[in-house]
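Take a look at the letters that make up each chain.
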Amino acid sequence: MSFFCPEPYKNLSAKTTGDWYPCCISGEESVHYHNMNIRENKILEFYHSDFMNKLRKDQLDGNMSEEVLTNCKKCIIDERLGRRSRRLKMIDKYKNDNFDILQLDSIKIKHIGNLCNAKCLTCAPSISSYLAQELYDTGEYTGPIVIFDDITKTYLEGIKEAIPFLNSIRIVGGEPIINPRTWEFVEWLVNNKATDTQLIFTTNGKVKFKKEHILLLKNFKEIKIAVSIDAYGKRNNYIRYPSPYEKVIKNINSYLELTKNIYISTCISALNVGYLDELEKDISKKFPNIPWVNDNIVQFPEIFRPEILPEEIKISYLKSSKNANKFLSLDIPSDNKKFYDMLRFLTKKDIIRNTNMYEFYPEFKKYEL
């Protein structure tokens, strides 16, 4: 059976390490099969590489090779659990496209690095410098704190070559708005007349755009902003620490002065799957014209997967929340080990951050370690 996926044809990504990936959710080990990066390899060189051609053919033929199993890990898990994976969503999105023609929908820009002003519980040090520092201080991480990749002539020439075949450029961090490297790159795009390409920002919404940045962005034909919010009120601050909910809401209103093309994105985890209704109610009231996207489910870290929750908690959520029914099923077994690993992790964070998980999750109290 074919495992065809549009992603390697339509959406390419680079990680904060500078490595090229065929999809923004490809497994980290993907790079071991090609060793191609933004410093040495242009984007279209990667697009046409032996690795990419083999991956596409294996997917099309249903050959679950090591390359497919590594790159498509998240979608394989989602589909095994009966969820609508990114692969299936992209098949619907591009169902009328001709894949014999080179036409990239987007590239995800991450060379700017992991500089961030939040340390979300479900994040990783390669994506947040703030989290990296915290984990380094507690001895749980020994890697670099701030990660970025110097842009090279090869990289910029490759972007130039790809722009005629490109619909959008998505800038992701870390937190791109606070990163000076973001604005160096945006200025380069303006200077190289790449302003007909849609520019997309993924932001945690903690800061506004500066006046000089708004002036730069006004050069572009279209700006789109994805704002990450994972819960209503103080629970969002707990999960996406520190991210005061009302401050994010206020900043979204400021973003609307720049563009109406905004959506709110929620990453579904064990920490919010039972509380999505209150978030939906509030954002639909405050922003009736802004779409709410909630189809990204945490797979890694595994301790935050929604399905690991004890059955008693799942039943409670399924009874109290209509949105929980989209993401929880009693047919998927709980994982007590991972659940208790999550509690240990949260207990450690509560001590460091002076927070209290039981304030937001009283249902976890009976399982207290």
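All residue numbers here refer to positions counted from 1 along the written sequence of the relevant chain. Per-residue local features of the predicted model are confined to residues with pLDDT of at least 70, and side-chain atom pairs are confined, for both listing and counting, to 80 or more; whole-chain, interface and lining totals are unaffected and use all residues. Just so you know, side-chain values use all the structure's heavy atoms and leave hydrogens and water out.

A.B. asks: Even after reading the chapter, I still don't get the nonpolar core, so can you show me in this structure?
C.D. replies: Side chains of nonpolar character tend, in soluble globular proteins, to be buried together. With 96 residues, the main nonpolar core has Leu-199, Tyr-317, Met-342, Tyr-361 and Phe-364 as its most contacted residues. Helix numbering and strand numbering both begin at the N terminus, where a helix is a DSSP run of H or I of at least 4 residues and a strand a DSSP run of E of at least 2. Examining the composition of this core, we find that six residues originate from one element, helix H9 (residues 180-191), more than from any other. Discounting residues that sit within four places of it in the chain, Tyr-361 has contacts with Arg-235, Tyr-238, Ile-239, Leu-271, Tyr-275 and Tyr-317. Side-chain atoms within 4.5 Å are what join buried Ala, Val, Leu, Ile, Met, Phe, Trp, Tyr and Cys residues into a set we call a nonpolar core. The classification of residues rests on relative accessible area computed with a 1.4 Å probe and restricted to protein chains. Under 20% of the type maximum is buried, over 50% is exposed, and intermediate values are partly exposed. Any pair of residues with heavy atoms lying within 4.5 Å of one another is described as a contacting pair.

A.B. asks: Quick question: what am I supposed to make of the packing of helix H7 (residues 129-137) against helix H16 (residues 336-353) here?
C.D. replies: Here the axes come from fitting lines to C-alpha atoms, over the contacting stretch only for helices, and the angles between their N-to-C directions go from 0 to 180 degrees. Their axes nearest at 12 Å, the elements H7 and H16 cross at an angle of 95°. One element, H7, and the other, H16, form an angle in the roughly perpendicular class. In contact with Leu-131, Glu-134 and Leu-135 of H7, H16 contributes Lys-349, Ile-352 and Arg-353. Tallied by class, residues from the contact of H7 with H16 come to three nonpolar, no polar and three charged. With respect to orientation, any angle under 35 degrees is reported as roughly parallel, any angle over 145 as roughly antiparallel, any angle of 65 to 115 as roughly perpendicular, and every other angle as oblique. Amino acid classes used here: Ala, Val, Leu, Ile, Met, Phe, Trp, Tyr, Cys and Pro are nonpolar; Asp, Glu, Lys and Arg are charged; the rest, including Gly, are polar.

A.B. asks: Would you explain the environment of Phe-220 in this entry?
C.D. replies: Mapped onto the elements, Phe-220 comes out in the loop between helix H10 (211-217) and strand S6 (223-228). In sequence terms Phe-220 and Leu-189 are 31 residues apart; their C-alpha atoms lie 9.3 Å from each other. In this structure, Phe-220 is in contact with Val-186, Leu-189, Val-190, Ala-194, Thr-195, Thr-197 and Leu-199, ignoring residues within four places of it in sequence.

A.B. asks: Any chance you could explain the environment of Glu-161 here in plain terms?
C.D. replies: Assignment of secondary structure puts Glu-161 in helix H8 (residues 153-162). For Glu-161, a relative accessible area of 35% corresponds to the partly exposed category. Spatially, the C-alpha atom of Glu-161 lies 40 Å from that of Ile-239, the residues being 78 residues apart in sequence. If we skip the residues at most four places from it in the chain, Glu-161 touches Lys-42 and Leu-44.

A.B. asks: Could you clarify how one ought to interpret unusual backbone geometry in this entry?
C.D. replies: With glycine set apart, most residues show a phi of negative sign, and most peptide bonds adopt trans. At the junction of Gly-173 and Gly-174, the peptide bond is cis and its omega measures out at 10° in the coordinates. Here the residue pair Tyr-241 and Pro-242 is connected by a cis peptide bond, since its omega of -15° sits within 30 degrees of zero. Mapped onto the fold, Pro-242 is located in the loop between helix H11 (234-239) and helix H12 (245-255). Backbone geometry at Asn-354 places phi at a positive 60°, although glycine is not the residue there. Of note, Asn-354 is situated in the loop between H16 and helix H17 (357-360).

A.B. asks: Got a minute to help me understand the sheet that holds strand S7 (residues 262-268) in this structure?
C.D. replies: Strands belonging to one sheet form pairs held by backbone hydrogen bonds; the direction of such a pair is parallel or antiparallel. Here the rule is simple: two strands pair whenever DSSP picks up at least two bridges between them. Taken together, eight strands build an open sheet; the order of strands is S2-S1-S3-S4-S5-S6-S7-S8 and the sheet is mixed. Edge strands, defined here as strands with exactly one partner in the open sheet, are strand S2 (20-21) and strand S8 (292-297). When strand S4 (residues 166-171) meets strand S5 (residues 198-203), the two strands line up parallel, connected through four bridges. Its bridge partner being in S5, Ile-169 is matched across the sheet by Leu-199.

A.B. asks: Is there a simple way to think about the side chain of Arg-87 in this case?
C.D. replies: Within the secondary structure, Arg-87 sits in helix H6 (residues 86-93). Since its relative accessible area comes to 9%, Arg-87 is described here as buried. At 3.0 Å, the side chain of Arg-87 and the side chain of Glu-79 are in polar contact. Aside from chain neighbours lying at most four places away, what touches Arg-87 is Phe-3, Phe-4, Cys-5, Pro-6, Cys-75 and Glu-79. Throughout this description, a polar contact denotes any pair of N or O atoms lying within 3.5 Å of each other; where both atoms belong to protein, one of them has to be capable of donating a hydrogen while the other can accept it, and for residues adjacent in sequence the pair is counted only when both atoms sit in side chains.

A.B. asks: Sorry, what's going on with the pattern of salt bridges here?
C.D. replies: A pair can form between side chains of opposite charge whenever their charged atoms are brought close. For this document, the term salt bridge refers to a Lys or Arg side-chain nitrogen within 4 Å of an Asp or Glu carboxyl oxygen. One pass over the structure, following the stated rule, counts 34 salt bridges. Among the salt bridges present, the one from Glu-161 reaches Lys-42, with a minimum N-O distance of 2.8 Å. Within this pair, whereas Glu-161 is found in helix H8, its partner Lys-42 is found in the loop between S2 and helix H2 (43-47), the two being separated by 119 residues in sequence. Salt bridges here are not isolated pairs; linked through shared partners, they connect Lys-42, Lys-153, Glu-157 and Glu-161.

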